[in-house]
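Listed here are the chains, written in short residue letters.
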Amino acid sequence: MMPLSLASLHALWSGPVDWWSVGLAILGIIAAWWALRGRRTDRLHCGKCLHALAQTRPDAIAAGALCPECGHSLSVAGGLRQTLPRPYIKWFGRILICSGVAFWLWNGAFEGFGRLLLPRYRVENTQTILGCQVVVSQPRWSDDLASPLVEVRQSGRVVFASTMSHPSVGSARLQDPFCEEPVTLLWVRSDSGGSLGLSETYAFRIGGGDAPLPDFLPFAVLHEGAFIKSTPEQAEPDIWIAYDLTYKYWLTTGVNSPSVALRGTPTSSKIVWSDADPSAAPDEVRLQGVRAKLRTLAAASETDAFAGSKSDEALGLVLDAFLELVYEGRSNEAWHFLRASYNDGLESLTISSQRAEVPRSLEALERVLLEQMQRSPYLGEILRRNGGSIAPPALPTTVPIQVPSNSRATSR
Ligand SMILES: [Zn+2]
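Each residue is numbered by its place in its chain's sequence as written, counting from 1. Totals for whole chains, interfaces and linings use all residues, but because this is a predicted model, local features are given only for residues with pLDDT of at least 70 and pairs of side-chain atoms are given and counted only at 80 or more.

Q: Explain the overall build of the protein chain to me, using residue names and the numbers behind them.
A: Comment: elements are numbered from the N terminus, with helices defined as DSSP H or I runs of at least four residues and strands as E runs of at least two. In terms of helices and strands, the protein chain carries eight helices and 14 strands. Buried means a residue has 20 or more other C-beta atoms within 10 Å of its own C-beta, exposed means 12 or fewer, and partly exposed covers the counts in between; C-beta atoms are placed from the backbone. Split into buried and exposed, the 412 residues of the protein chain put 26% on the buried side. Whether two residues are in contact depends on their C-beta atoms, placed from the backbone: they are in contact if these lie within 7 Å. Within the protein chain, contacts between residues separated by at least 24 positions form 53% of all contacts whose residues are at least 6 apart in sequence.

Right, here's the structure in full:
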């Protein structure tokens, strides 16, 4: 709860509109005061029923005189009055005061009281995962820019708490390649929510086998990926999929950006990558399909004013298939596919591209591709899968190297 202080009282005041409502209430108070003072008359009245008396001066009232109308004693204090009330103005003043206060409350003071008295976060959902209570809370007020709050409690004690954007939680069961025992993890993920797909996953080891661990141990902090849940009926352990964002928005726009992923099993020290799966790479049918699509795009772009978007689409298709081949350990095939694609229309399409950074020759394209792959955080694993090298094979030289005729004579 927010501590009550002078500074926190500003929550009760939201600005110019509140000055209007205070002005309204002050006018009401003036009207009410004026109504209370009453209207002065030149006659005396009974203090109870306001009956106009025959006498005009208080000293003309005899001691013990009674009101001829209601029998109220006129000689007691307050038994006589020389003013008459103004009931309409009194009500008008009351209405002004009430509407001023109501307007102030409606304009934000209600919320201000709420901010002073209620906790900043409101629980959105509570779930029990692996015996832990996971509570996700959202900021209570819509203009509060704070991120949602995730708390993990074990037997009532908060063992983890952090603000996270677009939080999600779950559990995973991993077969640690270094241990016999499967590892059970509780994970909490913070997701940037943007199309770039940045995320951080905090994994905590909950228990080994049947015996729960006494402490809440951090197991791993993983970036840009997700656990693939195996169905509860299946005995297989879960797998971590790491998304390589190195090629996102590089040479191509968002929708055409290639997406490549690596599968592995996180351990407490590193991710142990699964072996490359050549069957997961694009097969010959898909590669031929990409090349056919390139020829169609290249033919259509000759008469098209929107050749730039076709170039982007073509480059995206080729890079996607190329990278998938490399990431599954088939880099030689990947380079051959790239060169074939270049002849099939990628050349004319990239030349018509509106983006300055798109390379305009095969040599330049191969060079920037190799450079970009070297920026990948998974470069070591990519190299391992490709037998230590992902460099393009030497291009067949069409022009034989000219040896000057006199070189042999002078070199001696
Ligand atoms: Zn009277």
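Additional details are given in the paragraphs that follow.
Q: Break down the pairing of strand β8 (residues 182–191) for me, citing the residues and quoting the values.
A: The buried fraction of β8 is high, at eight of 10 residues. Being paired, for any two strands, means DSSP has found at least two bridges between them. Pairing between strand β7 (residues 168–175) and β8: eight bridges, direction antiparallel. Bridge pairing in β8 links Ser-171 to Leu-186. Between the antiparallel neighbours β7 and β8 lie six residues.

Q: Any details on the sheet that holds strand β4 (residues 132–139)? Residues and values, ideally.
A: With antiparallel pairing, four strands are arranged side by side in an open sheet as β3-β4-β5-β6. This sheet does not close on itself; its edge strands, each paired only once, are β3 (121–129) and β6 (157–163). The mean angle between the axes of side-by-side strands here comes to 20 degrees, regardless of whether they run parallel or antiparallel. To get an axis, a line is fitted to the C-alpha atoms, and for a helix only the part in contact is used. The angle between two axes follows their N-to-C directions and goes from 0 to 180 degrees.

Q: Let's hear about the environment of Leu-84: which residues, and what values?
A: With respect to the element layout, Leu-84 can be found in strand β2 (residues 80–84). Take Leu-84: there are 14 C-beta atoms within 10 Å of it, and that puts it in the partly exposed class. On a C-alpha basis, the gap between Leu-84 and Arg-43 in space is 10.0 Å, while along the polypeptide they are 41 residues apart. Apart from the residues lying within four places of it in its own chain, the contact partners of Leu-84 are Gly-38, Arg-39, Thr-41, His-45 and Leu-50.

Q: Which residues make up the nonpolar core, and what values do they have?
A: Leu-185, Val-318, Phe-322 and Val-326 are the most contacted members of the largest nonpolar core, which totals 56 residues. The greatest single-element share of this core, amounting to 11 residues, is contributed by helix α4 (residues 307–327). Apart from residues no more than four positions distant in its own chain, Phe-322 is found in contact with Ala-334, Phe-337 and Leu-338. Connectivity within a nonpolar core runs through C-beta atoms within 7 Å, and the core itself is a set of buried Ala, Val, Leu, Ile, Met, Phe, Trp, Tyr and Cys residues.

Q: Now, about helix α1 (residues 16–37): what can you tell me, with residues and values included?
A: The span expected for a helix works out to 1.5 Å for each residue beyond the first. Taking 1.5 Å of rise per residue, 22 residues should cover 32 Å, and α1 covers 32 Å from first to last C-alpha, within 8% of that figure. All of the buried residues along α1 are Leu-24, Ala-25, Gly-28, Ala-31 and Ala-32. All buried residues of α1 fall inside an arc of 120 degrees around its axis, so they share one side. Those residues of α1 that are exposed and angled more than 90 degrees off the buried face are Pro-16, Trp-19, Gly-23, Ile-30, Trp-33 and Arg-37. Buried residues along α1 sit against α2 (87–117). This arc is taken over the directions from the axis of the helix to the C-beta atoms.

Q: Residues and numbers for the packing of α1 against α2, please.
A: Axis separation between α1 and α2 bottoms out at 7 Å; the angle between their running directions is 160 degrees. Taken together, the axes of α1 and α2 lie roughly antiparallel to each other. For α1 against α2, the interelement crossing comes out left-handed. Charged residues are taken to be Asp, Glu, Lys and Arg, nonpolar residues to be Ala, Val, Leu, Ile, Met, Phe, Trp, Tyr, Cys and Pro, and polar residues to be all remaining types, Gly included. Its residues assigned to classes, the contact of α1 with α2 comprises 17 nonpolar, six polar and three charged. For classification purposes, angles smaller than 35 degrees are called roughly parallel, those larger than 145 roughly antiparallel, those between 65 and 115 roughly perpendicular, and all remaining angles oblique. By convention, the crossing between two helices is left-handed when the near helix turns anticlockwise from the far helix through less than a right angle, and right-handed when the turn is clockwise.

Q: Give me the lowdown on the environment of Pro-182, citing residues and values where you can.
A: Within the secondary structure, Pro-182 sits in strand β8. Look at Pro-182 and you get partly exposed, because 14 C-beta atoms sit within 10 Å. Put simply, Pro-182 and Pro-237 are 55 residues apart on the chain and 8.0 Å apart in space, counted from C-alpha to C-alpha. Discounting residues that sit within four places of it in the chain, Pro-182 has contacts with Arg-173, Leu-174, Gln-175 and Pro-237.

Q: Please set out the confidence of the model for the protein chain residue by residue, giving values where relevant.
A: Known as pLDDT, the predictor's confidence for each residue is given on a scale from 0 to 100. Chain-level statistics for the protein chain give a pLDDT mean of 85 and a share of 89% at 70 or above. The weakest mean pLDDT in the protein chain belongs to helix α8 (residues 407–410) at 47; the strongest belongs to helix α7 (residues 379–385) at 95. Note that residues 407–412 has pLDDT below 50 and, in this model, zero contacts with residues that lie over four places away or in other chains.

Q: Break down helix α5 (residues 331–351) for me, with residues and values.
A: In this model, α5 (21 residues) spans only 25 Å end to end at C-alpha, well below the 30 Å of a helix rising 1.5 Å per residue. The angle separating two fitted axes, one through the seven residues that finish at a residue and one through the seven that start at it, defines the bend at that residue. The axis of α5 is deflected most strongly, by about 70 degrees, at Asn-343. Buried within α5 we find Ser-331, Ala-334, Trp-335, Phe-337, Leu-338, Ser-341, Asp-344, Gly-345, Leu-346, Leu-349 and Thr-350.

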